[in-house]
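Reading the structure
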Amino acid sequence: MRRTLSSILNPPSSEIAQIVFAVLKPQTTLDYKAWTISCGDVEISEGDHKKIDAMVKRWHNGEPIEYIVGSILFDGLKLAVNHDVLIPRPETAELIELIKKHLTEVSHPLTLVDVGTGSGVIAISLKKWANLNKINLKIIVTDISPKALDIAKSNSAQLIQSSQIDFRCGNLLDPITEPVDIIVANLPYIPSKDLEKLDLSVTKYEPLLALDGGKDGYFLIDKLLEQTKQKLTPNGVIFLEIYDEHNIDHFKKFTDFETKILPDSFGRTRFAVLRKIS
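So, a few notes on the structure that sits alongside this text. (Residues numbered from 1 in each chain as written. Predicted model: local features only at pLDDT ≥ 70, side-chain atom pairs only at ≥ 80, totals over all residues. Heavy atoms only, no water.)

Examining the layout of surface pockets
If a probe the size of a water molecule is rolled over the atoms, the empty space left behind becomes visible. In this structure, the largest pocket occupies an estimated 910 Å³ of space. Lining the largest pocket are 42 residues, with Leu86, Asn186, Leu187, Ala210 and Leu211 positioned closest to its centre. Those elements that provide at least two residues to the lining of the largest pocket are helix H6 (90-103), strand S3 (110-115), helix H7 (121-132) and strand S4 (137-143). For the lining of the largest pocket, a count of residues per class yields 22 nonpolar, 10 polar and 10 charged. The space that makes up the second largest pocket amounts to roughly 570 Å³. Lining the second largest pocket are 18 residues, with Gln18, Tyr32, Val69, Ser71 and Lys78 positioned closest to its centre. (1 Å grid on protein atoms, 1.4 Å probe; cavity = no way out; pocket = protein on both sides within 12 Å on 5 of 7 lines; lining within 4 Å. Points joined across faces, edges and corners; volume = space filled by probe spheres on them. Helix = DSSP H or I, 4+ residues; strand = E, 2+ residues; numbered from the N terminus. Nonpolar A, V, L, I, M, F, W, Y, C, P; charged D, E, K, R; others polar.)

Points about the nonpolar core
Core analysis: the largest hydrophobic core is formed by 40 residues, its most contacted members being Leu79, Ile99, Leu112, Leu137, Ile139, Ile165 and Phe239. No other element matches the seven residues that H7 contributes to this core. When residues no more than four places from it in sequence are discounted, the contact partners of leucine 79 are Gly70, Ser71, Ile72, Phe74, Ser119, Val121, Ile124, Asn155 and Leu159. Judged by nonpolar contacts, the second largest core, of 30 residues, contains Ile183, Leu187, Tyr189 and Leu232. (Core = buried A, V, L, I, M, F, W, Y, C linked by side-chain atoms within 4.5 Å. Buried < 20%, exposed > 50% of the residue type's maximum accessible area, 1.4 Å probe, protein only. Contact = heavy atoms within 4.5 Å.)

A look at the side chain of aspartate 114
Within the secondary structure layout, aspartate 114 lies in strand S3. With no salt bridge to any partner, buried aspartate 114 finds its closest opposite charge in arginine 168, at an N-O distance of 13 Å. One polar contact links aspartate 114 to threonine 117, side chain to side chain, over a distance of 2.7 Å. (Lys, Arg positive; Asp, Glu negative; His and termini not counted. Salt bridge = Lys/Arg side-chain N within 4 Å of Asp/Glu carboxyl O. Polar contact = N/O pair within 3.5 Å; in protein donor to acceptor, adjacent residues only side chain to side chain.)

A few points about the packing of aromatic side chains
Scanning all chains against the criterion turns up two aromatic pairs. Ring centres of tyrosine 189 and tyrosine 243 lie 6.3 Å apart, and the angle between their planes is 40 degrees; this geometry places the pair in the tilted category. Pair noted here: tyrosine 189 is in the loop between strand S6 (180-185) and helix H9 (200-203) and tyrosine 243 is in the loop between strand S7 (232-241) and strand S8 (257-263), with a separation of 54 residues, a long-range link. (Phe/Tyr/Trp six-rings, centres within 6.5 Å; stacked < 30°, edge-to-face > 60°.)

Thoughts on the sheet that holds S3
Sheets are built from strands that pair by backbone hydrogen bonding, the pairs being arranged parallel or antiparallel. With mixed pairing, seven strands are arranged side by side in an open sheet as S5-S4-S3-S6-S7-S9-S8. The open sheet is flanked by strand S5 (165-169) and S8, the only strands paired with a single partner. Adjacent strand axes in the sheet meet at a mean angle of 15 degrees when their direction is disregarded. Packed on one face of the sheet, helix H10 (residues 219-227) meets S3, S6, S7, S8 and strand S9 (269-276) and runs near 170 degrees to S7. (Pairing = 2+ DSSP bridges. Axes fitted to C-alpha atoms, helices over the stretch in contact; angles between N-to-C directions.)

What follows is the structure in structure tokens.
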């Protein structure tokens, strides 16, 4: 039986088109939507059809499309992702922009640590931007998961020279021995009791290790801030992504810092920026 793209893109779906593009890997400068629309008569082998069918079933079962195709386009970068790392969210892009703004306002060179790097999205995006803007920025990343660190290393090798980032396996700031000027962390911040409120596509497929922030969502955030006392330089800055129910009151106990809470583009509490003052 002759199978063509149009026979499986019926009805048309952006996700199915993305799956087809990932399986067939066409040599084209078009994006997956444009290519699949323009190539409806392209024949598909029985083997490729079976692969596509299996991947479409995974999508219908609620698995995120990013895990199915194995990548995500984020901030102009094609990043590999799998079930060992969280899928980068739009809020993380906003966190990156906050850090870029800070970097344009301070002198250099600087050392930045990306704690719990996951796919490496923050570190890679910042390093690529710093290179383009001739900003002297040393970046160190840490992650407690060796598998996540492998993904970050692979993404770095594909997108920049991997030697430009220092990868260290360990919990929070444990692997850091030198003073650092900037710390960025998108740590697990969902209170354990609220995990059940998340979409099933998140709780079923994304790593619990990267989601569960303990009883109130502050467990790892508090631990990180305690560690910074000996490792963050004077006037050093910490950028955190936080839960939308978190507020500034919790951070008042950290008297070494001047703290600001900032919203995301949807107006929800999302970021904490702490500057060391003593």
